[in-house]
Amino acid sequence: MSVPMRRESRGLVPDLFDLLEAPMAALRPMAGQQMRLEDYVKDGRYVLRAELPGIDPDKDVEISVSNGVLTIHAERRHEERQAHRTEFRYGAFTRSIVLPPNADENDVKATYDKGILEVSVRLAEEREERRRIPIEKPGAEQQQR
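Parameters at a glance
- Residues numbered from 1 in each chain as written.
- Predicted model: local features only at pLDDT ≥ 70, side-chain atom pairs only at ≥ 80, totals over all residues.
- Heavy atoms only, no water.
- Helix = DSSP H or I, 4+ residues; strand = E, 2+ residues; numbered from the N terminus.
- Buried < 20%, exposed > 50% of the residue type's maximum accessible area, 1.4 Å probe, protein only.
- Contact = heavy atoms within 4.5 Å.
- Core = buried A, V, L, I, M, F, W, Y, C linked by side-chain atoms within 4.5 Å.

## Considering the overall build of the chain
- Each helix and strand in the chain was counted, giving three helices and seven strands.
- Listed by position from the N terminus, the elements making up the chain come as α-β-β-α-β-β-β-β-β-α.

Printed below as a string of structure tokens:
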């Protein structure tokens, strides 16, 4: 299994903040929590899996891709009513992921099964486009005269 290359690096500081925030995620309100993700490359496709239990994918999930960024937006609405008590959970989740540079935005597939949303994007064959750059020397024009 190989790890896809990202288009741009977020650097050390955002990753450090993500690590520091993770233990506090349970203390934040539901609307502020992020969905848990995993990604990998399999059979020429970039695969992104998101935990979204209790979500109706037909009504509550929107997936979009634009300019090399895949965005998943989901909303949870759940309410239980009993004789003298009502309990509800609600919140919105949005995550945007930078796709590998060779991702084909026209070939995106999504499935939802048992609380897991799986989105896959076809990866084009990586071509190493390399060209030689000539090195110029200052004053070379004057020496040729």
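There is more to say, and it comes next.
## Let's talk about the side chain of Asn 102
- Its place among the elements puts Asn 102 in the loop between strand S5 (85-98) and strand S6 (103-113).
- Owing to a relative accessible area of 16%, Asn 102 belongs among the buried residues under this scheme.
- Those residues in contact with Asn 102 that lie beyond four places of it in its chain are Arg 122, Leu 123, Ala 124 and Glu 126.

## Notes on the nonpolar core
- Membership of the largest hydrophobic core comes to 19 residues, with the highest contact counts inside it found for Leu 52, Ile 72 and Leu 117.
- Secondary-structure elements contributing two or more residues to this core are strand S2 (45-51), strand S4 (69-82), S5 and strand S7 (116-123).
- For this core, the element with the highest residue contribution is S7, accounting for four residues.
- Those residues within four positions of Leu 52 in sequence are excluded, and the remaining contacts are Met 35, Val 61, Ile 72, Ala 74, Arg 76, Tyr 112, Gly 115 and Leu 117.

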